[in-house]
Amino acid sequence: MKVITANRLLDGEVVWLGDGGTWVERVARAAVFDGKDAVAAALQVADQAVADQKIVGPYEMDVTEEDGRLVPVRLRERIRATGPTTHPDLGKQAHPVSI
Amino acid sequence: MYRYDEFDHSFVNQRTEQFKDQVRRRLAGELSEDEFKPLRLMNGLYLQLHAYMLRVAIPYGTLNSRQMRKLAHIARTYDRSYGHFTTRQNIQFNWPKLEDTPAILEELAEVEMHAIQTSGNCIRNVTADHFAGAAADEIADPRPYAEILRQWSSLHPEFSFLPRKFKIAITGAPNDRAAVQVHDIGLQLARNEAGEIGFVVYVGGGLGRTPMIGRKVRDFLPEEDLLAYSEAILRVYNRYGRRDNKYKARIKILVHETGLDELKADIEAEFEKIRHGVLRLPDEEVRRIEAYFAPPPLEVLAPVSDKVEARTAADPAFAQFIAHNLNPHRVPGHTSVTLSMKPIGGIPGDASDVQMDVIADLAATYGHDEIRISHEQNVILPHVKLDDLPALFDRLVAAGIAEGNAGLITDIIACPGMDYCALATARSIPVAQRISDRFGTPDRQAEIGELKIKISGCINACGHHHVGHIGILGLEKKGEEFYQITLGGSANENASIGEIVGRGFSSDDVVDAIETLVDTYLGLRVGREETFLDAYRRVGDAPFKEALYGTGA
């Protein structure tokens, strides 16, 4: 299972490609792509978002399902999806309710 | 300290205006990310894991209270109320918005600061001994030369696109606290028989994936030749440094592949061509810059303070602080004080906006308005009266920066690691925190004595692990964090690169492994005066390997 991630241009916030070409702030809400073709098509959507000054540096990453929620496979991506492990008061983990 | 002249003001303001327009064009879509990225990096703006990161230069680690207050203000206004002091004596803000960065740079320019050349393949912030201008063992203050190098290297058109980044460090004392031998150019001030000032010059030191100790290319470079010789080194590097492979592009590889003698001959040949030209340093210009760094008027006082003695006898925490956090000052009755940015269990190098304001106040009250940032990620008040130490200490305690651990096992250098950095392969800070917690009681730290642990979260070695007495390198192995330990590194005048002791450890096991190494050292040292490094150099790695891995490992 793959999702597409990037950083938002304006503030650098970590985002994932969601449904309908939106960029969401929670990995749990990311759109999942299976198979090379689906991922390639999603990366094309991302490239357009780069051209439109929405995001920078998109790439694909692996996710898995835990308790019915999408979570990144790699530790690096888990940290990106939550915030610094040394600062629970900062990053996405500090704002559990926002999109 | 140095004050900007009209030229400095105009070039920093000009650059701020340029960047403001570049951000505007980026947000308007006139610049693509590929076009914009090198421009933002030239102004210290990175994109890290969670957000942008702005690295602000603190030239040779020197700043005043007004500048520190401005950094506090920026942390509070544009960031998340803290900053992080780095191993290049700079400060990083971890959460700025792209659209705010032009305003941040304008605010910095108001206090004669900027973020130019804190990234990119150019000459980076020149670092210096953090006790410069104060230390008793100093031959001369290295900062005037660092400032001269700053002026020469700032926006130097010929050296804006070097094969790779280029780092210069300078120390004015024979005891090297600036790690000059692990820099692209390392300068150590010296006096010749005639009493004239010059420099021992090292070239080709560095850490990263290929650590090397610099090679000496000059025993005594006369003061007047500082810029011409530096330019000659840079020209040779710029011409022959490898641009085909990023990992082989630093000057250390050129030194290694070309051979010292040939490279030295190239440098000397280039130097001969330019030594009598415009780069020759006129004596009056050096003295003019030197005047900016004139020491504050300090009264010669009794070398022992009754106030300090009385408090030391009554207060163990104060006694611990006095034992470890002072550096001898050239003027009797004074000292340089290290404010520990390494609270037990805390994050090495982080300072809150409130702490920055306190530091600024204390510098103004007790320290002649001078502040230094050390490459070991601490803050120094270089000129403090001994009699003021009890009052200063009380204020430090209240601010949470009074740990008496300078140079001890909990005074750890750690890079930001995978909690922030896009390049990291493992976390650094949590390992530092756990080691700090494990060894953090005053008695235990004092018993262990001087021991420098340095932690990097990837092979690029921003945490200087190669020159840690104990170095820890975080890697990724099969999706897990994994830590390799090196022993015997040192960044002082007897610099050495640490040796890998054996197979690495999981995150769960690495702190136990450090404790095993420390216990082994305590068991074999000949006395308290034999430091970990001395003991390691005496006995080699065998007892440590045996303790970690058992027989036959």
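Every chain is numbered on its own, with residues counted from 1 as its sequence reads. Both sets of labels track the order of writing: A upward for chains, 1 upward for ligands. pLDDT decides what is reported in this predicted model: residues at 70 or higher carry local features, side-chain atom pairs at 80 or more are listed and counted, and totals for whole chains, interfaces and linings draw on all residues regardless. For side-chain calculations, the full set of non-hydrogen atoms in the structure is used, while hydrogens and water are omitted.

Student: Even after reading the chapter, I still don't get empty space enclosed by the protein, so can you show me in this structure?
Tutor: Rolled over the atoms, a probe with the dimensions of a water molecule shows which regions are left empty. Residue and element names in this part refer to chain B. The rule is simple: put a 1 Å grid over the protein atoms alone, call a set of points where a 1.4 Å probe fits but cannot get out a cavity, call an open set with protein on both sides within 12 Å along at least five of seven lines a pocket, and count a residue as lining if it has an atom within 4 Å of a point. Grid points are joined across faces, edges and corners, and a volume is the space filled by probe spheres set on the points. The tally for this structure, following the rule as stated, stands at eight cavities of 30 Å³ or more. Of the pockets and cavities examined, the largest cavity occupies roughly 140 Å³. The wall of the largest cavity is formed by 14 residues, among which M1, P59, Y60, Q67 and E112 lie closest to the centre. The way it works is that DSSP assigns letters per residue, a run of H or I at least four long becomes a helix, a run of E at least two long becomes a strand, and they are numbered from the N terminus. Elements that contribute at least two residues to the lining of the largest cavity include exactly β3 (62–63) and α5 (143–153). Gly is put with the polar residues, along with every residue not named as nonpolar or charged; the nonpolar set is Ala, Val, Leu, Ile, Met, Phe, Trp, Tyr, Cys and Pro, and the charged set is Asp, Glu, Lys and Arg. Class assignment of the residues belonging to the lining of the largest cavity gives a composition of eight nonpolar, three polar and three charged. Approximately 120 Å³ is the volume attributed to the second largest cavity. Across the lining of the second largest cavity, the residue classes tally to five nonpolar, five polar and two charged.

Student: So what exactly am I meant to see when it comes to the packing of helix α14 (residues 429–439) of chain B against helix α16 (residues 507–524) of chain B here?
Tutor: Helix packing geometry: the angle between the two helix axes and the distance between the axes. All names here are of chain B. Fitted lines through C-alpha atoms serve as axes, helices being fitted only where they are in contact, and the angles separating the N-to-C directions of these axes extend from 0 to 180 degrees. One can describe the packing of α14 onto α16 by two numbers: an axis separation of 10 Å at closest approach and a directional angle of 45 degrees. The orientation of α14 with respect to α16, classified from their angle, is oblique. Crossing of α14 over α16 shows right-handed handedness. For the pair α14 and α16, contact is made by V431, R434, I435, R438 and F439 and by S507, D508, V510, V511, D512, I514, E515 and V518, respectively. Between 65 and 115 degrees an angle is taken as roughly perpendicular, under 35 as roughly parallel, over 145 as roughly antiparallel, and anywhere else as oblique. Handedness of a helix crossing follows the sense of rotation of the near helix relative to the far helix, less than a right angle counterclockwise being left-handed and clockwise being right-handed. Every residue pair with non-hydrogen atoms within 4.5 Å of one another is taken to be in contact.

Student: What am I meant to see in the environment of B:L475 here?
Tutor: Residue and element names in this part refer to chain B. Examined against the element boundaries, L475 turns out to sit in strand β18 (residues 470–477). Judged by relative accessible area, which is 21%, L475 ranks as partly exposed. Sequence separation between L475 and T87 is 388 residues, and the spatial gap between their C-alpha atoms is 20 Å. In contact with L475, other than residues within four places in its own chain, are T425, A426, E480, E481, F482 and Q484. Only protein chains enter the calculation, and the probe is 1.4 Å; a residue is then buried if its accessible area is under 20% of its type maximum, exposed if over 50%, and partly exposed in between.

Student: Where do I start with the domain arrangement of chain B in this structure?
Tutor: When the parts of a complex come together, some accessible area is lost, and that lost area is often used as the size of the interface. All names here are of chain B. When the domains of chain B are assigned, the result is domain 1 (6–110), domain 2 (135–292), domain 3 (306–399) and domain 4 (413–549). Per the annotation, domain bounds derive from an automatic or database assignment of domains. Here the C-alpha centroids of domain 1 and domain 3 sit 28 Å apart. The interface of domain 1 with domain 3 comprises 21 residues on the first partner and 21 residues on the second. Buried area is understood as the total, over both parts, of accessible area removed when two parts are fitted together, assessed with a 1.4 Å probe. The junction of domain 1 with domain 3 conceals about 1800 Å² of combined surface from both sides, 55% of it contributed by carbon and sulfur atoms. When the buried surface of domain 1 facing domain 3 is broken down by residue, M68, R69 and F85 rank first, second and third, together holding 31% of it. Note on definitions: salt bridges are taken to be side-chain nitrogens of Lys or Arg within 4 Å of carboxyl oxygens of Asp or Glu. The interface formed by domain 1 and domain 3 contains three salt bridges. Of the charged contacts in the structure, one is a salt bridge between D361 and R69, with a shortest N-O distance of 2.7 Å. Polar contact is the term for a pair of N or O atoms within 3.5 Å; when the atoms are in protein, one must be able to donate a hydrogen and the other to accept it, and sequence-neighboring residues count only if both atoms are side-chain atoms. Seen at the junction of domain 1 and domain 3, the total is 14 residue pairs in polar contact (both at pLDDT 80 or more). Those elements giving two or more residues to the side of domain 1 that touches domain 3 turn out to be β3, α3 (65–78) and β4 (82–85). Of the residues contributing to the side of domain 1 that touches domain 3, the split by class is nine nonpolar, ten polar and two charged.

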